[in-house]
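Residues per chain are reported as follows:
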Amino acid sequence: MKDISQCRAEIDAIDAKLAKLFEQRMLVARDVALYKQANHMDILDPSREEAVLRTRAEMIGEEDLRPVAMDFFRDVMRRSREEQYRYLNARTQASSVAYCGVPGAFSESAVVGFFGEDCTRVHFKTFEEVFAEVADERVRYGVVPVENSSSGSVNTVYDLMGKYSCHIVGEQLVRVEHCLLGVPGARVEDVTTVFSHEQGFAQCPVFLGSHPDWVKTPYFNTAIAAKHVADMGDIRCAAIASRLAAKHYGLEILAPDIHSFDGNHTRFVVVSASPSPIGIPDKATLTFTLRHERGTLMRALSSFVALGMNLTHIESRPLHESNWEYRFYVDLTGNVAEDNLRVLMESLRADCDNCRLLGAYRAAKEAEGHA
């Protein structure tokens, strides 16, 4: 029988080797993450992982130790995946991120909230430009709004998600606080024309209802509207936008907090040409069209129930090339592991056409900051 001190010395020596080997494995895992990202591959490959685990177990000569070895390598592989997600997430700080609008837009607030102040930001006038830049990989990521808690979905963005082969890889919530902005010296009584995005108008019905004579002019984006008002320098023109926009363009807040609904939030998604999520996924979005057969929608929805998934949002958009036909977009939570999503997609294809998984990603937990 070995002395306990001798056993401890041997274990210390083995652990020292294990520590070095673990570090080497994590460094190789980072290289694997880069390869998968460059080739638009998912981090998790369940079938390969199970095959590898069986191979590792067979390397153990002591048969009684094989189940323990399986648990050990399963944990190592899980930590390897987490390191790949973490490493790719850290690298996004140096990636260019596109958004619609100009500095001061709520979309910029979403970009900063998700990627941090140091990320490289580029802005465009339209949502389609953002999707085109991402799809052609001229920028790494795009951040676009999909839904507001008071005024509903951003239909243009949903249509573009169906049009472009981009993947949802993240989600961000932004608290929306609208103000009426004017040039220095202007008063509310001077205003005759208001510029804003359509969502800005929709989110301030009570305030705008008290000024029925104002001309409401839709603009690309709330911040672009603020910039336009600043460039005109006319006391009769105002914009509905954020405090951040007022600061960016030297405007005065003529009326603060004019939004009609407290707790107003906008949900943004992060899109990429690569399907690799930023963070560990716990939410997914997919899209499909239905065949013109009786009961197809009911059977499609039953697929989610059968797999224990929770539908958090369902959106339908008309197909422009076919009258009275629609494309559905579905957000879901629950078991969004890759193998479970694969089973779901196979089930949906029995009743649906054009099924596509738009992305599995980490859900936003709460609104981080406001503008």
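Residues numbered from 1 in each chain as written. Predicted model: local features only at pLDDT ≥ 70, side-chain atom pairs only at ≥ 80, totals over all residues. Heavy atoms only, no water.

Trainee: How do you make sense of the environment of Phe-115 when you look at a structure like this?
Mentor: Following the sequence through the fold, Phe-115 ends up in helix α4 (residues 106-115). Considered as a pair, Phe-115 and Gly-359 are 244 residues apart in the sequence and their alpha carbons are 18 Å apart. (Helix = DSSP H or I, 4+ residues; strand = E, 2+ residues; numbered from the N terminus.)

Trainee: What is the right way to read a nonpolar patch on the surface from this model?
Mentor: On the surface, Ile-14, Leu-18 and Leu-21 cluster together into a nonpolar patch covering about 280 Å² of accessible area. Structurally, Leu-18 is set in helix α1 (residues 4-38). Leu-18 sits in the partly exposed class, given a relative accessible area of 41%. (Patch = residues over 30% accessible without salt bridge, like charges linked within 9 Å, V, L, I, M, F, W, Y side chains within 5 Å. Areas by Shrake-Rupley, 256 points an atom, 1.4 Å probe, with all protein chains shown as cover. Salt bridge = Lys/Arg side-chain N within 4 Å of Asp/Glu carboxyl O. Buried < 20%, exposed > 50% of the residue type's maximum accessible area, 1.4 Å probe, protein only.)

Trainee: It is not clear to me how the packing of helix α11 (residues 296-306) against helix α12 (residues 338-348) should be interpreted in this structure. Could you clarify?
Mentor: Describing two packed helices takes the angle between their axes plus the distance from one axis to the other. Running from N to C, α11 and α12 cross one another at 160°; their axes reach a closest spacing of 9 Å. The angle between the axes of α11 and α12 places the two elements in the roughly antiparallel class. For the element pair α11 and α12, the recorded crossing hand is right-handed. Residues Ala-300, Ser-303 and Phe-304 of α11 form the contact with α12, whose own contacting residues are Leu-344, Ser-347 and Leu-348. For the contact of α11 with α12, a count of residues per class yields 4 nonpolar, 2 polar and no charged. (Axes fitted to C-alpha atoms, helices over the stretch in contact; angles between N-to-C directions. Parallel < 35°, antiparallel > 145°, perpendicular 65-115°, else oblique. Left-handed = near helix turned anticlockwise from the far one by under 90°. Contact = heavy atoms within 4.5 Å. Nonpolar A, V, L, I, M, F, W, Y, C, P; charged D, E, K, R; others polar.)

Trainee: I would appreciate a short explanation of the packing of helix α5 (residues 127-135) against helix α6 (residues 155-163) in the present structure.
Mentor: Two numbers describe how α5 lies on α6: the axes approach to 10 Å, and their chain directions differ by 25°. By the angle between their axes, α5 is roughly parallel relative to α6. The two elements α5 and α6 meet at a crossing, and its hand is right-handed. Along its contact with α5, which presents Phe-127, Glu-128 and Phe-131, the element α6 presents Thr-156, Val-157, Leu-160, Met-161 and Lys-163.

Trainee: Sorry, what's going on with the packing of aromatic side chains here?
Mentor: For any pair of aromatic rings, the description consists of the separation of the ring centres together with the inter-plane angle of the planes. Scanning all chains against the criterion turns up 9 aromatic pairs. Between Phe-114 and Phe-115 the ring centres are 4.8 Å apart and the planes differ by 65°, which places this aromatic pair in the edge-to-face class. The class of Phe-114 is buried, set by a relative accessible area of 16%. Look at Phe-115 and you get buried, because its relative accessible area is 2%. With 5.3 Å between their ring centres and 35° between their planes, Phe-115 and Tyr-141 make a pair best called tilted. You can see Phe-115 sitting in helix α4 and its partner Tyr-141 sitting in strand β3 (residues 141-148), a full 26 residues away along the chain. Residue Phe-115 shares its accessibility class with Tyr-141, and that shared class is buried. What links up through ring pairs into an aromatic cluster is the set Phe-114, Phe-115 and Tyr-141. (Phe/Tyr/Trp six-rings, centres within 6.5 Å; stacked < 30°, edge-to-face > 60°.)

Trainee: Whenever I open this one, the sheet that holds strand β15 (residues 352-361) confuses me. Can you help?
Mentor: Hydrogen bonding along the main chain pairs the strands of a sheet, whether they run parallel or antiparallel. With antiparallel pairing, the 4 strands of this open sheet are ordered in space as β13-β14-β12-β15. Only two strands of the sheet have a single partner each, and these edge strands are β13 (310-318) and β15. Between one strand axis and the next, the sheet turns through 15° on average, direction left out of account. Sheet topology note: the β13/strand β14 (residues 326-333) ladder contains 8 bridges and is antiparallel. Across the sheet, the residue bridging to Leu-311 is Leu-332, located in β14. (Pairing = 2+ DSSP bridges.)

Trainee: Before we go on, may I ask you to explain the pattern of salt bridges in this structure?
Mentor: Pairs may arise between side chains of opposite charge once their charged atoms sit close together. As enumerated under the stated definition, the model contains 23 salt bridges in all. Residue Arg-78 pairs with Asp-75 through a salt bridge whose shortest N-O separation is 2.6 Å. Of this pair, Arg-78 and Asp-75 both sit in helix α3 (residues 66-91), 3 residues apart, roughly one helical turn. Exposure remark for Arg-78: the relative accessible area of 30% places this residue in the partly exposed category. Classification of Asp-75 by relative accessible area gives partly exposed; the value is 29%. One salt bridge in this structure joins Asp-190 and Arg-187, with 3.1 Å as the shortest N-O distance. One connected set of salt bridges, linked through shared partners, spans Glu-147, Glu-171, Arg-267, Lys-283 and Asp-331.

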